[in-house]
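# Coordinate analysis (summary)
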Amino acid sequence: MKRIITYYLKPYYLRMTVGFFIKFSGTLMDLFLPWTLARMIDMVIPAGKKEEIFLWGIFMLVCSVLAVTLSIIANRMASRVASDSIFTIREDLFRKVMILSNRQADEITRPSLISRLTSDTYNVHQMIGRIQRLGVRSPILLVGGIIMTFLLDPVLACILLGVLPLLTAVVIGVSGKSIPQFTQLQEKVDGFVRLIREDIAGIRVIKALSKEDFERERFDQHNREVVDWEKRATVTTAIINPVMNLFLNMGLVCVIIAGAYRVNEGLSKVGTILAFMTYFTIILNALMSISRMFVIVSKAAASAERIDRVLKGEDESSFQLAPALKEKEKETSFLEFDHVSFSYDGSGNHLRDISFRMEKGETLGIIGATGSGKSTVVNLLMRYYDPDEGTIRINEQDIRAMSLKDLRSRFGTVFQNDVIFEESILENIRMGRNISEKEAVDAAGYARALDFIGEKGGISESLNIRGANLSGGQKQRILIARALAAHPEILVLDDSSSALDYKTDSQLRRELKENFSHTTCILIAQRVGSVMNLDQILVLDEGAVIGQGTHEELMKTCEGYREIVTSQMGVGGNV
Ligand SMILES: Nc1ncnc2c1ncn2[C@@H]1O[C@H](COP(=O)(O)OP(=O)(O)OP(=O)(O)O)[C@@H](O)[C@H]1O
């Protein structure tokens, strides 16, 4: 919350101050009206001067019109401040999410990041707007109303004042309980969003496995939890209004009884009592608004905390503070993993003492069982995570000494489950880079994608979200074209040919050999056929290298590799 007030609202302090004074003036007009009414009833009307009655009537009319006009102007200014400031908050948050370190994103979770960008920013938006509108008006009406009641009749005002500590205690007690409840509710909403996201993305597999009932039950359970927490939070805050009404009505009854006695004894007048009652209602409404604001502020405080957690989170720019460039004494290569170990969560050992070297233009295949750490090698190479031990070098330079932009601009990558956007095929290949249409078409040619692109109506044709109008193999070919289009220095294909038929897979490898001979290639594959002709193969098992060499060398030296080959190609190792 502090960041929102001291940083995001700072540019609007002047506008807010002007809005405050406009609102303040409008509210003062509202406060004058009952006092004027009392004056008219008790003094002007009994005197019977028509002119004076008319003038006081005009005065009341002007006050009313001014009150409404000033309030509209101030409210419009408040809305604009809320919209402009939340625009900046969303932009900063989105920018931060884009560069958030993977470790931090894993910790916060992706669905939670989505709800922080959507519902949490909405809550803060609501608060900024309401605080400027009600936050100014209600306290002025409350304090001003009390002052006016004291000016009208101090004795009756004391009765009213006796009720206020009770009301304050209710507001403080309820908001103390409701803030943690709103935080819990937001966490439940995160889980709910996660489930919906999974279910919608996986709708096909759910149908294929007839798991609709199971998923419905899971959905019901999450839905119920969200509703339960929502009920708890709203039931807590719902106490405020009735209890405050009760206390105030009790106070009002006392005021009426005491007022009646005082009028009878000539200590007060009917107009004064009438005005007093109006002030009482104004004070009641002001207190109600303040209590509603407490709810909004409670929600927004929980949301602001969650937004702040992302904004303060470790991002990739902090990676660049890592060790400076270090010369190597030993023999050098283009790309090197030097005794690299890594754990995602600090407990498991997801990569253990991995070492390998590649020369420029060399090809490396990484093979191994699922979960053996193949993709993790790439995650470290691209600095989505930093190793716990060891060093990764490109061109003899520790990659931690390079800027992330410099490092990543060297790569063309296709990851498992990469995303196709709801754009044209051309834009999906370009991805906002400075790539001509001819280069994109060439890349599609290398990726053997031109045939089906022609069938779809050409490279300018639009694709559905996540490539829903493409087959698995077609998607992979677009993704490969995307990776090849910028002629990268290093090409990483992570299980990206699994959906290609054997013919297309071997054609792709031929294209790479002929047209990308200077590109250093790392190919992660499940199929031995995809890696057996590469310069080097790394066999991984449970995060460790169990074999390294060419296909022929591994057939002689690595039991694990032989097993994979036998299971895929038969005993002789031939297809
Ligand atoms: N973000 C993450 N947080 C925690 N553990 C992870 C994370 N990503 C991967 N792992 C774990 O690290 C290990 C290696 O995962 P990795 O994705 O590198 O395997 P892989 O060999 O590429 O598997 P596959 O062939 O199935 O793609 C697995 O045990 C996996 O559960």
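Report follows, based on the coordinates. (Residues numbered from 1 in each chain as written. Predicted model: local features only at pLDDT ≥ 70, side-chain atom pairs only at ≥ 80, totals over all residues. Heavy atoms only, no water.)

Our focus in this paragraph is the overall build of the protein. Secondary structure summary: the protein contains 20 helices and 10 strands in total. Relative to the compact-globule value of 25 Å for 575 residues, the protein shows a C-alpha radius of gyration of 35 Å, a clear excess of over 25%. Taking the principal axes of its C-alpha atoms as reference, the protein extends roughly 115 × 55 × 45 Å. Of all intrachain contacts in the protein linking residues separated by at least 6 positions in sequence, the fraction that spans at least 24 positions is 76%. Summing over all exposed atoms, the protein offers an accessible surface of approximately 28,900 Å²; the carbon and sulfur share of this is 58%. (Helix = DSSP H or I, 4+ residues; strand = E, 2+ residues; numbered from the N terminus. Rg over C-alpha atoms; globule rule 2.2 N^0.38 Å. Contact = heavy atoms within 4.5 Å. Areas by Shrake-Rupley, 256 points an atom, 1.4 Å probe, with all protein chains shown as cover.)

Empty space within the largest pocket amounts to approximately 2,200 Å³. Along the walls of the largest pocket sit 43 residues, with Tyr-384, Phe-415, Asp-418, Val-419 and Phe-421 positioned nearest its centre. Of all the elements in the fold, those that place two or more residues in the lining of the largest pocket are helix 3 (50-99), helix 4 (102-108), helix 5 (110-152), helix 6 (154-201), helix 11 (374-381), helix 12 (404-408), strand 6 (411-414) and helix 16 (472-484). The dominant element in the lining of the largest pocket, judged by the number of residues it contributes, is helix 3, at five residues. Looking at the lining of the largest pocket residue by residue, the classes come out as 21 nonpolar, 10 polar and 12 charged. Mapping the lining of the largest pocket onto the domain boundaries places at least three of its residues in each of domain 1 (2-313) and domain 2 (332-569). Lining of the second largest pocket is provided by 27 residues; of these, Arg-204, Asn-417, Asp-418, Arg-466 and Lys-475 occupy positions nearest its centre. Listed by contribution, the elements that provide at least two residues to the lining of the second largest pocket are helix 6, helix 7 (203-208) and helix 16. Here the lining of the second largest pocket gets four residues from one element, more than from any other, and that element is helix 16. Its residues assigned to classes, the lining of the second largest pocket shows 13 nonpolar, eight polar and six charged. Both domains that furnish three or more residues to the lining of the second largest pocket are identified here as domain 1 (2-313) and domain 2 (332-569). (1 Å grid on protein atoms, 1.4 Å probe; cavity = no way out; pocket = protein on both sides within 12 Å on 5 of 7 lines; lining within 4 Å. Points joined across faces, edges and corners; volume = space filled by probe spheres on them. Nonpolar A, V, L, I, M, F, W, Y, C, P; charged D, E, K, R; others polar. Domains from an automatic or database assignment.)

Right, let's get into the environment of Asn-75. Looking at the element boundaries, Asn-75 is found in helix 3. In contact with Asn-75, other than residues within four places in its own chain, are Lys-23 and Arg-133. Only 2.6 Å separates the side chain of Asn-75 from the side chain of Lys-23, close enough to count as a polar contact. (Polar contact = N/O pair within 3.5 Å; in protein donor to acceptor, adjacent residues only side chain to side chain.)

The next thing to look at is helix 8 (residues 212-238). For the α-helix, the turn length of 3.6 residues means that residues three or four positions removed from each other point alike. In this model, helix 8 (27 residues) spans 37 Å end to end at C-alpha, consistent with the 39 Å of a helix rising 1.5 Å per residue. Of all the residues in helix 8, the buried ones are Glu-215, Val-226, Trp-229, Ala-233, Thr-236 and Thr-237. Considering only its buried residues, helix 8 is in contact with helix 6, helix 7, helix 9 (240-264) and helix 10 (270-311). (Expected span 1.5 Å × (residues − 1). Buried < 20%, exposed > 50% of the residue type's maximum accessible area, 1.4 Å probe, protein only.)

Surveying the vicinity of the ligand reveals 14 residues, the closest of which are Gly-371, Lys-374, Ser-375, Thr-376 and Gln-416. Measuring from an oxygen atom of the ligand, one finds a side-chain N or O atom of Gln-526 at 3.1 Å. Top contributing element to the shell around the ligand by residue count: helix 11, with three residues. (Near = heavy atom within 4 Å.)

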